[in-house]
Amino acid sequence: MTSMSRARVARRIAAGAAYGGGGVGLVGAAAVGLVVAEMQLAKRHVGNGQSPRPPSADGLYGRGYGAPGEPALRLTMLGDSTAAGQGVHRAGQTPGSLLAAGLAAVAERPVELRNVALTGARSDDLERQVGLALDDPGRVPDVCVIMIGANDVTHRVPPTRSVRYLAAAVRRLRTAGAEVVVGTCPDLGTIEPVQQPLRWLARRTSRQLAAAQTIGAVEQGGRTVSLGDLLGPEFEANPRELFGPDNYHPSVEGYATAAMAVLPTVCAALGLWPEEERPDASRREGFLPVARAAAEAAAEGGTEVAAAMPTGPRGPWALLKRRRRRRVTEPEAGPAPAEAPH
């Protein structure tokens, strides 16, 4: 499928999310049913859902940074098992912990992490999670990171419905004053027990949803980072290194790879990343119609898409960026307990 074709499909899904309607894009319902059946078999094969609960990483990071009395930045994680850190054993190995520690180092300020993600969650759970994230009007997060989508695919949730819930969550968080970064649907074609040709179908379905998620999130004022293609080739080349013990969730190194891709966008959303916001032609960055940018990002992991210009004849425009990543490592010490709200 060409980039233009992918863009048209993504735009149709996003339009259906905004104006009502269903459908599954170019991948028919029967094909999606086969993908779902194979994914469910894969999940049973690897024991998904039987792993221990993700370790809690909530707390204060970078306590030594900042001037006395300077308030901590507030980072909230929302989404599914990927956002929660399912499959690792230490709090410092979760993506939330890695992002909080990395953000504290870049900002040179303490960062208070709160994770409301739920293992097994689908996009319709975001309404509840956003309610938790905004439960204290006096402590609205500075930035929220949402990782969602895989369970929507495996549970046959129409992509229009998935995008509708995601867009509503982004809109609600942005209205409250939080910056929002969405890690779009991962590439489910990399799950080892899923065989061809269903791997190809799973990949295609995942990328369609990821592109549509980008349109829905960016049009509501969020930014997105593609995780699918970023992790896909690395999972295929190093499955024992990047998959966790269940061969379904990322390993410690896999979560670090994802966090390394998301951290620059989190920092940029807060005005902290040292790179220019202008596009760098040498890295194939530029201004594109949002649907075209979404399609290109879905095919290349680590690519950021953010709103850029008002709507024109070809619809809203976006800035596609390929930011230089910064290595993130597990904090040497665990998070300090978060201080009680004042």
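Throughout this description, residue numbers start from 1 for each chain and increase along the sequence as written. At least 70 in pLDDT is required for a residue's local features to be given in this predicted model, at least 80 for side-chain atom pairs to be given and counted, and no such filter applies to totals for whole chains, interfaces and linings, which use all residues. Hydrogens and water molecules were not included; the side-chain quantities draw on all heavy atoms of the structure.

Engineer: How should the overall build of the chain be read in this particular structure?
Structural biologist: Think of it this way: any DSSP run of H or I at least four residues long counts as a helix, any run of E at least two long counts as a strand, and we number them from the N terminus. Looking only at helices and strands, one finds 12 helices and 9 strands in the chain. Residue pairs at least 24 apart in sequence account for 81% of intrachain contacts in the chain once pairs closer than 6 positions are excluded. Each accessible area is a Shrake-Rupley result for a 1.4 Å probe, and residues are judged covered by the shown protein chains and nothing else. On the chain, roughly 14,200 Å² of surface is accessible, and the fraction owed to carbon and sulfur atoms is 52%. Residues count as neighbours in contact if any of their non-hydrogen atoms are within 4.5 Å of one another.

Engineer: Looking at this model, I keep getting lost on the nonpolar core. Mind explaining?
Structural biologist: Side chains that are nonpolar tend, in soluble globular proteins, to be buried together. In this structure, Leu75, Leu99, Leu103, Val145 and Val262 are the most contacted members of the largest nonpolar core, which totals 37 residues. Of all the secondary-structure elements, those providing two or more residues to this core are β2 (73-79), α3 (81-84), α4 (95-107), β3 (111-115), β4 (143-147) and α11 (252-269). With 11 residues, α11 is the largest single contributor of residues to this core. Filtering out sequence-adjacent residues up to four positions away, Leu99 remains in contact with Leu75, Met77, Val145, Ala259, Val262 and Leu263. Buried Ala, Val, Leu, Ile, Met, Phe, Trp, Tyr and Cys residues that are joined via side-chain atoms within 4.5 Å together make up what is termed a nonpolar core. Buried means the residue's accessible area, taken with a 1.4 Å probe over protein chains only, is under 20% of the maximum for its type, while exposed means over 50%, and partly exposed covers the values in between.

Engineer: Help me out: how do you make sense of unusual backbone geometry in this one?
Structural biologist: Both trends apply: most residues other than glycine have a negative phi, and most peptide bonds are in trans. Positive phi, close to 60°, is recorded for Arg156, a residue that is not glycine. Position of Arg156 among the secondary structure elements: in the loop between α6 (150-154) and α7 (159-176). Located in the positive-phi region is Arg284, a residue other than glycine, with phi close to 60°. If you trace the backbone, Arg284 turns up in the loop between α11 and β7 (286-289). On the accessibility criterion, Arg284 (53% relative accessible area) is exposed.

Engineer: Mind showing me how you'd approach α4 here?
Structural biologist: Spanning 13 residues, α4 covers 18 Å between terminal C-alpha atoms, matching the ideal 18 Å at 1.5 Å per step. Summarising burial for α4: 11 of the 13 residues are buried, a large majority. Within the sequence span of α4, burial applies to Pro95, Gly96, Ser97, Leu98, Leu99, Ala100, Gly102, Leu103, Ala104, Val106 and Ala107. If you follow the buried residues of α4, they end up packed against β1 (59-61), β2, α3, β3, β4 and α11. Positive phi shows up at Glu108, right after α4, with a value of about 55°. One less than the number of residues in a helix, times 1.5 Å, gives the span that helix is expected to have.

Engineer: Would you explain the environment of Ala308 in this entry?
Structural biologist: Along the chain, the position of Ala308 falls in strand β8 (residues 304-312). Classification of Ala308 as partly exposed rests on a relative accessible area of 35%. Between the C-alpha atom of Ala308 and that of Val290, which follows or precedes it by 18 residues, the distance is 9.0 Å.

Engineer: Would you explain the packing of α4 against α11 in this entry?
Structural biologist: Between two packed helices, the angle of one axis relative to the other and the distance separating the axes together describe the packing. At a minimum axis separation of 9 Å, α4 and α11 run at an interaxial angle of 40°. It follows that α4 is oblique to α11 by the angle criterion. As α4 packs across α11, the resulting crossing turns out to be right-handed. The segment α4 lies against α11, with Pro95, Leu98, Leu99, Gly102, Leu103 and Val106 engaging Tyr255, Ala256, Ala259, Val262, Leu263, Val266 and Cys267. Think of it as three bins: nonpolar holds Ala, Val, Leu, Ile, Met, Phe, Trp, Tyr, Cys and Pro, charged holds Asp, Glu, Lys and Arg, and polar takes everything else, Gly as well. Across the contact of α4 with α11, the residue classes break down as 12 nonpolar, 1 polar and no charged. Each axis is a line fitted through C-alpha atoms, taken for helices only over the stretch in contact, and angles between the N-to-C directions span 0 to 180 degrees. When describing relative orientation, an angle under 35 degrees is termed roughly parallel and one over 145 degrees roughly antiparallel, while 65 to 115 degrees is termed roughly perpendicular and anything else oblique. In this scheme the crossing of two helices becomes right-handed for a clockwise turn of the near helix relative to the far one and left-handed for an anticlockwise turn of less than a right angle.

Engineer: Help me understand the pairing of strand β5 (residues 179-183) in this model?
Structural biologist: Within a regular strand, the side chains alternate between the two sheet faces. The buried fraction of β5 is high, at 4 of 5 residues. When DSSP finds two or more bridges between a pair of strands, those strands are recorded as paired. Of the pairings in the sheet, the one linking β4 to β5 comprises 5 bridges and is parallel in character. In the sheet register, Met147 faces β5, and the bridge partner there is Gly183. Across 3 bridges, β5 lies against strand β6 (residues 223-225) in parallel orientation.

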